[in-house]
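Residue-level listing of the chains:
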Amino acid sequence: MSGKSTFRIHVLIALICVVMTLMLAFYAKQIAQRRGEQTFSAIVNDSRDALTMRMDSYLLSLNSLAAFYEASDFVSAQDWAVYVEALDIEKTLPGVLGLGFVQPTDGPELLDLMSDVRAGGEPELVVHPNTGRTNKMIIRFIEPLPLNAAARGLDISFEANRRIAAITSRDSGLPQVTAPINLVQGRDSKVGALLLRPIYDHSPIPATKAERIASHVGWVYAPFTMDQGLNDLFASGNGSFAVTVEDAGNAIFSAGQPAVNSPFTRTQTIDVYGRTWTVSWSGAAAFKEAHASYLPLIVLLSGLSMSFLVWRYLRMLTNRENDINALVERKTRALSDRAQQNRAVIENSVFGVMQLDSDGIVRSANAASCAILGIEKAKLMGRLLSELVIEDEPCDGTGMPCAAHAMRDGKVCKLEMQTKVWRRSNGMRVQSVLLRDITKEATSLQALTDTEERWNLALQGAEIGVFDVDLRKNKSVVSETWRRLMDIPLDSDIDTQAHFFSRVHPDDLPVLQAADRDAILGNTPRSVSEFRVRMADGSYRWLRSDAVVVERDADGTALRLVGAQTDITALRAAETAIKHGEELLDLVIERAPVGTAITNGHGTMLRANGALSAITGYPEDKLTGGHLSLMLAATERDSFMEEITALRGDTHETYRGEHLICCADGEERWGLVKVSWAFDPAQAMEIYIVQINDISTEKRAARIKSEFIATISHELRTPLTSIKGALGLMGTKKIEATSGPITRLLEIATVNTDRLINLVNDILDLEKISAGKMDFNLDSIGATDLVSVALESNRPLLLKSALTFRLIDMSGGAHVLADENRIAQVLSNLLSNACKFAPPKTAIAVQISVVDDMVRFDVTDRGPGVPDAFRDRIFGAFSQADSSDTRQKGGTGLGLNISRQIVERMGGTIGFDSEPDVRTTFYFTCPIALPEELTSDGAILLERGRKQPSFAGVA
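Scoring rules and cut-offs
- Numbering of residues starts from 1 in every chain and runs along the sequence as written.
- Local features are withheld for residues below a pLDDT of 70 in this predicted model, meaning they are given only at 70 or higher, and side-chain atom pairs are given and counted only at 80 or more; totals for whole chains, interfaces and linings count all residues.
- Remark: hydrogens and water are excluded; side-chain values derive from all non-hydrogen atoms of the structure.
- UniProt positions are given in the numbering used here, feature names are shortened, and annotations may be inferred rather than shown by experiment.
- The helix and strand labels rest on DSSP assignments: H or I over at least four residues marks a helix, E over at least two residues marks a strand, and numbering proceeds from the N terminus.
- A 1.4 Å probe rolled over the protein chains alone gives each residue an accessible area, and that area as a share of the maximum for its type sets the label: buried under 20%, exposed over 50%, partly exposed in between.
- When checking whether two residues touch, look at their non-hydrogen atoms; a contact exists if any pair is within 4.5 Å.
- Residue-level accessible areas treat just the shown protein chains as cover; the underlying method is Shrake-Rupley with a 1.4 Å probe.
- Strand pairing is assigned whenever DSSP identifies at least 2 bridges connecting the two strands.
- Angles shown run from 0 to 180 degrees and are taken between the N-to-C directions of axes, each axis being a line fitted to C-alpha atoms and, for helices, limited to the stretch in contact.
- Positive charges come from Lys and Arg alone, negative charges from Asp and Glu alone, with His and the N- and C-terminal ends not counted.
- We define a salt bridge as a contact between a side-chain nitrogen of Lys or Arg and a carboxyl oxygen of Asp or Glu at a distance within 4 Å.
- Whenever two N or O atoms come within 3.5 Å, that pair is a polar contact, provided that in protein one can donate a hydrogen and the other can accept it, and provided that, for residues adjacent in sequence, both atoms are side-chain atoms.
- Residue-level confidence of the predictor is summarised by pLDDT, bounded by 0 at the bottom and 100 at the top.
- Note that the arc is defined by the directions from the helix axis to the C-beta atoms.
- Geometry of aromatic contacts follows a simple scheme: Phe, Tyr and Trp rings, the Trp one being its six-membered ring, pair when their centres are within 6.5 Å, and the pair is stacked under 30 degrees between planes, edge-to-face over 60, tilted otherwise.
- Only when the NZ of Lys or the CZ of Arg is both within 6 Å of the ring centre and within 35 degrees of the ring normal is a charge said to sit over the ring.
- A cavity, in this analysis, means grid points on a 1 Å lattice covering only the protein atoms where a 1.4 Å probe fits yet has no way out; a pocket is instead an open set bounded by protein on both sides within 12 Å along at least five of seven lines, and a residue lines either one if it has an atom within 4 Å of a point.
- Grid points are joined across faces, edges and corners, and a volume is the space filled by probe spheres set on the points.
- Polarity classes work like this: nonpolar for Ala, Val, Leu, Ile, Met, Phe, Trp, Tyr, Cys and Pro, charged for Asp, Glu, Lys and Arg, and polar for all others, with Gly in that last group.
- Only buried residues count toward a nonpolar core, which is a set of Ala, Val, Leu, Ile, Met, Phe, Trp, Tyr and Cys residues joined through side-chain atoms within 4.5 Å.
- Exposure above 30% relative accessible area and the lack of any salt bridge qualify a residue for a patch; like charges then connect within 9 Å, and the nonpolar side chains Val, Leu, Ile, Met, Phe, Trp and Tyr within 5 Å.

The name given to the protein chain in an unreviewed UniProt entry is histidine kinase, and the organism recorded there is Loktanella salsilacus. The Catalytic activity (unreviewed entry) comment attached to the protein chain in UniProt states, word for word, "ATP + protein L-histidine = ADP + protein N-phospho-L-histidine." Regarding the protein chain, the relevant UniProt record gives this comment under Subcellular location (unreviewed entry): "Membrane".

Engineer: Sorry if this is basic, but what is going on with the overall build of the protein chain here?
Structural biologist: Secondary structure assignment for the protein chain yields 26 helices and 33 strands. Scored against the burial criterion, the 955 residues of the protein chain give a buried share of 37%. Partitioning the contacts of the protein chain with sequence separation of at least 6, the portion at a separation of at least 24 is 56%. When the accessible surface of the protein chain is totalled, it reaches about 54500 Å², and 55% of it is carbon and sulfur.

Engineer: Please explain the sheet that holds strand E8 (residues 250-255) as it appears in this structure.
Structural biologist: Within a sheet, each strand pairs with its neighbour through backbone hydrogen bonds, oriented either parallel or antiparallel. Taken in spatial order, the 4 strands make up an open sheet running E8-E7-E10-E9, and their pairing is antiparallel. Both outer strands of the open sheet, E8 and strand E9 (265-272), are each paired with one neighbouring strand and no more. Ignoring which end each strand starts from, the neighbouring axes of this sheet average 20° apart. In terms of strand pairing, strand E7 (residues 241-247) meets E8 through 5 bridges, oriented antiparallel. Residue pairing for E8: Glu246 is matched across the bridge by Ala251.

Engineer: Got a minute to help me understand the environment of Phe224 in this structure?
Structural biologist: With respect to the helices and strands, the residue Phe224 is situated in strand E6 (residues 216-225). Separated by 126 residues in the primary sequence, Phe224 and Gly98 have C-alpha atoms spaced 7.8 Å apart. For Phe224, the residues in contact, after removing those within four places along its chain, are Met55, Tyr58, Gly95, Val96, Leu97, Val177, Leu183, Gly192, Ala193, Leu194 and Leu195.

Engineer: Before we go on, may I ask you to explain the side chain of Asp861 in this structure?
Structural biologist: As for its position among the elements, Asp861 is in strand E31 (residues 854-861). Despite its burial, Asp861 pairs with no opposite charge, the nearest such side chain being Arg862 at 8.4 Å. From its side chain, Asp861 meets the backbone nitrogen of Gly863 in a polar contact 2.7 Å long. Aside from chain neighbours lying at most four places away, what touches Asp861 is Ala834, Ala838, Val918, Arg919 and Thr920.

Engineer: Explain the pattern of salt bridges here, please?
Structural biologist: Pairs can form between side chains of opposite charge whenever their charged atoms are close. Evaluated as defined, the whole model comprises 30 salt bridges. The salt bridge partner of Asp49 is Arg48, with a shortest N-O separation of 3.5 Å. Residue classification places Arg48 among the partly exposed positions, given a relative accessible area of 25%. We note a salt bridge from Arg541 to Asp567, for which the minimum N-O separation is 2.7 Å. Pair noted here: Arg541 is in strand E20 (residues 540-552) and Asp567 is in strand E21 (residues 558-567), with a separation of 26 residues, a long-range link. Using a relative accessible area of 33% as the deciding quantity, one classes Arg541 as partly exposed. Residue Asp567 is classed as partly exposed on the basis of its relative accessible area of 30%.

Engineer: Would you mind going over the sheet that holds strand E32 (residues 910-915) with me for this structure?
Structural biologist: Ordered in space as E28-E30-E31-E33-E32, the 5 strands form an open sheet in which the pairing is mixed. Two strands bound the open sheet, and with one partner strand each, they are strand E28 (804-810) and E32. The sheet shows a mean angle of 15° between the axes of neighbouring strands, taken without regard to direction. Where strand E30 (residues 843-851) lies against E31, 7 bridges are found, and the strand directions are antiparallel. By the bridge assignment for E31, Gln847 is matched with Asp858. The sheet strands contacting helix H25 (residues 820-837) are E28, E30, E31 and strand E33 (919-927), and the helix crosses E33 at an angle near 175°.

Engineer: Explanation requested: the confidence of the model for the protein chain in the structure shown.
Structural biologist: Segments scoring low in pLDDT should not have their predicted coordinates read at a detailed level. Considering every residue of the protein chain, the mean pLDDT works out to 81; 85% of them sit at 70 or more. Every residue in residues 883-887 scores below 50 in pLDDT, and together they form 2 contacts with partners more than four places removed in sequence or on other chains. In the model, residues 934-955 has pLDDT below 50 throughout and makes 39 contacts with residues more than four positions away in sequence or in other chains.

Engineer: Before we go on, may I ask you to explain helix H16 (residues 496-503) in this structure?
Structural biologist: Each α-helix turn comprises 3.6 residues. Residues three or four places apart therefore point the same way. All of the buried residues in H16 are Thr496, Gln497, Phe500 and Arg503. For H16, the angular spread of the buried residues around the axis is 140°, confining them to a single face.

Engineer: Is there a simple way to explain the pairing of strand E1 (residues 99-105) in this structure?
Structural biologist: Each regular strand carries side chains that alternate between the two faces of the sheet. Within E1, 6 of the 7 residues are buried, which leaves the element mostly enclosed by the surrounding structure. By the bridge criterion, 7 bridges tie E1 to strand E2 (residues 136-143) in an arrangement that is antiparallel. Residue pairing for E2: Val102 is matched across the bridge by Ile139. Of the pairings in the sheet, the one linking E1 to E6 comprises 3 bridges and is antiparallel in character. For Val102, the partnering residue across the bridge sits in E6 and is Trp219.

Engineer: Sorry if this is basic, but what is going on with the packing of aromatic side chains here?
Structural biologist: Two descriptors summarise a pair of aromatic rings, namely the distance from one centre to the other and the angle between the planes of the rings. In the structure shown here, the tally under the stated rule is 13 aromatic pairs. A centroid spacing of 5.8 Å and a plane angle of 70° characterise the contact between Phe640 and Tyr655, whose relative ring orientation is edge-to-face. You can see Phe640 sitting in helix H21 (residues 637-645) and its partner Tyr655 sitting in strand E24 (residues 654-662), a full 15 residues away along the chain. Pair check on accessibility: Phe640 and Tyr655 agree, each one buried. For the pair Phe857 and Phe924, a centre-to-centre distance of 4.9 Å together with 15° between the ring planes defines the contact as stacked. Of this pair, Phe857 sits in strand E31 while Phe924 sits in strand E33; the two residues are 67 residues apart in sequence, bridging distant segments of the chain. Owing to a relative accessible area of 0%, Phe924 belongs among the buried residues under this scheme. Arg572 extends its terminal NZ or CZ atom over the ring of Trp542, reaching a point 3.8 Å from the ring centre. For the cation-ring pair, Arg856 lies above Tyr923, with the distance from its terminal atom to the ring centre recorded as 3.9 Å.

Engineer: Before we go on, may I ask you to explain the pairing of E24 in this structure?
Structural biologist: Strand direction decides the pairing type here: E24 and strand E25 (residues 668-680), joined by 9 bridges, are antiparallel. Counted as the bridge partner of Arg656 is Lys674 from E25.

Engineer: Sorry if this is basic, but what is going on with empty space enclosed by the protein here?
Structural biologist: As enumerated under the stated definition, the model contains 2 cavities of 30 Å³ or more in all. Of the voids in this model, the largest cavity is the one considered here, and its volume is about 50 Å³. Ile139, Ala151, Leu154, Ile156, Arg162, Leu183, Val184, Gln185, Leu194, Tyr221 and Pro223 together form the lining of the largest cavity. Class assignment of the residues belonging to the lining of the largest cavity gives a composition of 9 nonpolar, 1 polar and 1 charged.

Engineer: What is the right way to look at the nonpolar core in this model?
Structural biologist: In a soluble, globular protein the nonpolar side chains are often hidden away together inside. Core analysis: the largest hydrophobic core is formed by 45 residues, its most contacted members being Val816, Ile823, Ile844, Val855, Phe857, Phe922 and Phe924. For this core, the secondary-structure elements that each account for two or more residues are helix H24 (783-793), strand E29 (815-818), H25, E30, E31, helix H26 (895-905), E32 and E33. Per-element accounting of this core gives the leading share, 7 residues, to H25. Not counting chain neighbours up to four residues away, the residues in contact with Val816 comprise Asp779, Ser780, Ile781, Ala783, Leu786, Val855, Phe857, Cys926, Pro927, Ile928 and Ala929. Within the second largest apolar cluster, 44 residues are counted, among which are Phe40, Val75, Ile270 and Tyr273.

Engineer: What is the right way to look at a nonpolar patch on the surface in this model?
Structural biologist: Together, Leu12, Ile16 and Met20 make up an exposed nonpolar region whose accessible area comes to about 290 Å². Summarising the element assignment, Ile16 is placed in helix H1 (residues 3-71). The partly exposed category is assigned to Ile16, whose relative accessible area is 42%.

Engineer: For this particular structure, what's the right way to read the side chain of Thr925?
Structural biologist: Among the secondary structure elements, Thr925 is positioned in strand E33. Classification of Thr925 by relative accessible area gives buried; the value is 10%. Not counting residues up to four positions away in its chain, the partners in contact with Thr925 are Met854, Val855, Arg856, Val903, Gly908 and Thr909.

Engineer: Would you mind showing me how to read unusual backbone geometry here?
Structural biologist: If a residue is not glycine, its phi is most likely negative; likewise, a peptide bond is most likely trans. Here the residue pair His128 and Pro129 is connected by a cis peptide bond, since its omega of -10° sits within 30 degrees of zero. Along the chain, the position of Pro129 falls in the loop between helix H4 (107-119) and E2. Despite not being glycine, Ala248 has its phi angle at roughly 55°, a positive value. If you trace the backbone, Ala248 turns up in the loop between E7 and E8.

Written out as structure tokens, the structure reads:
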């Protein structure tokens, strides 16, 4: 296009802009005028509605008075005054001078009216003026009376407007406003009117005029002035308009000054209870000025200015057009290069990029798309993408990522797909798709999610509450476990940070705050503290908090504090119990009468008590830290250490032995040493608990006893044997002159000699057993044979009291693994005791039975039984139920003790059951001899399934 043609176009455009400006200015003027009209119309409508509402309020008051009158059987002047006063008409009914009741009367009725007035104690009712008519309309009540005194007794029929309005209201049953009148209450000649509302003697209002006249009772009415009743309604316009109200062409009210040639005027007619009022509104000068608009002038000036600027702008565009064309050509070449570059980037992208047509068919795709979908490019083109990729969640085409999956090599491939819908310049709908293989990411994310779930479950199971505090806002986010620890409802919406600190024990709060402050300031890496928290029931529980600052700003200011809290009440209680236990253990060890020491695994004493110091003569501080061998004789140290080392790892075994203790003053004392092994979890170390009893006195007593036994053996046993032999010889020699008394003396001497020999033998047996020197020759022996021999050997014991033996054999021929002579000794002791205590002429029962892998021997008599006080010591040495010098039953008190030791040495048990004066049974058991326990030469195999008895005695 040539430069001249361009200039003409620019001028034409400028002229068009000028014309449009003039049109806009005219339109703006019209808009301003319409807005003024709309505003004025709103003002007119508001004032008209206010007038209507005012008159309605008058009628509403009259309706309430009519209801009051109709509901009352009799209304006095006082009742009327009280009711009107309650209405407060000065405030609620502006312009109304009072509220009254007009009663119609004829000649006779007037006399009745006067009688009612006088009967009610009312002031004399003076009817005025005298109209000469029989039918009158007399105002009986009017309140407030001081203002309306001139109206009381007024016959309103004296004036046509009042009379016509009253009759019209009566006949129609409707409220009626009079034409403008001069009120008798007025002190000036201002215009007023009456609003009358008829009352009938029943409800509803009669339907016909004749019925209404017949049932008419009177009127309630309200006198009002136009100025007071209407002035405040139209004064609300704030001087924006002037108003005039006319009734039948007569002006009854006017307010305001209209503007000269005001464009804003309205005239409306309003029906007011039987009267038609014509109301004219006219805009005042203030309203006209307020709605004068300068918008048309502004539009005109602005439009002309814009037209000029447009023309200048078009000229500038023309000058730049050539520059732009040149720039476009350069940009076009650059875009072509960029397009080729983008194609290269897309083609080599690791993300799948495809372009679909409006039907979702693949029209282009890069190599990554083919690799992700596992399909050749030639086969991919022209395929529906929905056949290859399944959306797990809908893609909205806005470019937001969504989940999808596809099958590749027979396996599900997780994809992230982004779709963007756009249109070409020709309007064709195109969809760009971006695919990303997230299979590995999804697998890792699932693993992470599973780990997180396990971690959350672990936290819940471990009762670990987690909190995250925003230090900038001093607000915290807490886990459900934290709320449970704090006894806070899960759905409670509270400030957890403030609530937490309010429940921390006052003594612990400074400690907690100091730990947090040090961590926040960076003085310590973590905030670790233990404190008490008040629960809902008022009790306190111990919590442990461990928190760390996880985020700081560039200045190092802490921003977030993350941590965990656990309930350590049980741990605290356990620690307290352990502490008390340790204190009690220390007290027990320190006050124990037994020398006690605790050593480590190498024998070094970690502590020793005062009793051990008293035994050894070494002070406690020297014992502590010294070696256990310090107290032992040099010849016993190595063997002792080997013995206690063998205890390692076994908490059930205890070493027990007698050793020489080397005292600090060089004296040697005998000690009974007991050692147990234990593991101290608090110190993670092995310890040995050593107890030493000073048995030097017992050792000396044992030596004296041994010497005494040896004396008995050599100095007493040999003479007794000789005496017994002599007595036996004398008893067998026939002496002719032997008398009866001599024979009795020989028998007594023989019995006492046997008793002494048995006593010596029992004492020697007891010593042998105690010293571990008694031999046991175990063999397989028939249980029945053992009892039969024992019964035969002890049969002489039966003669004295005419007793009998009764054998009950339920052994089934069982054999026992025992020493025949020792078992015979046990049976003899039990049979002898039974014969001593059995009542004369009774049977002593001996029963043999098999119980599990043991044979049980029972000896039962019907004697007095075992006294309760004697039962605990019946198997003790030298123990007898009757230990007095005058006891009736003889014996040494060693038989049962020896029997117990013999039976236990052979792996059995011994005991008794006694029911006084009914039955007493002593029993013992022996192991059953198994066939495989005999070797080919008859020797006993001691290796058997159960633990064999020890015959070595007590060390």
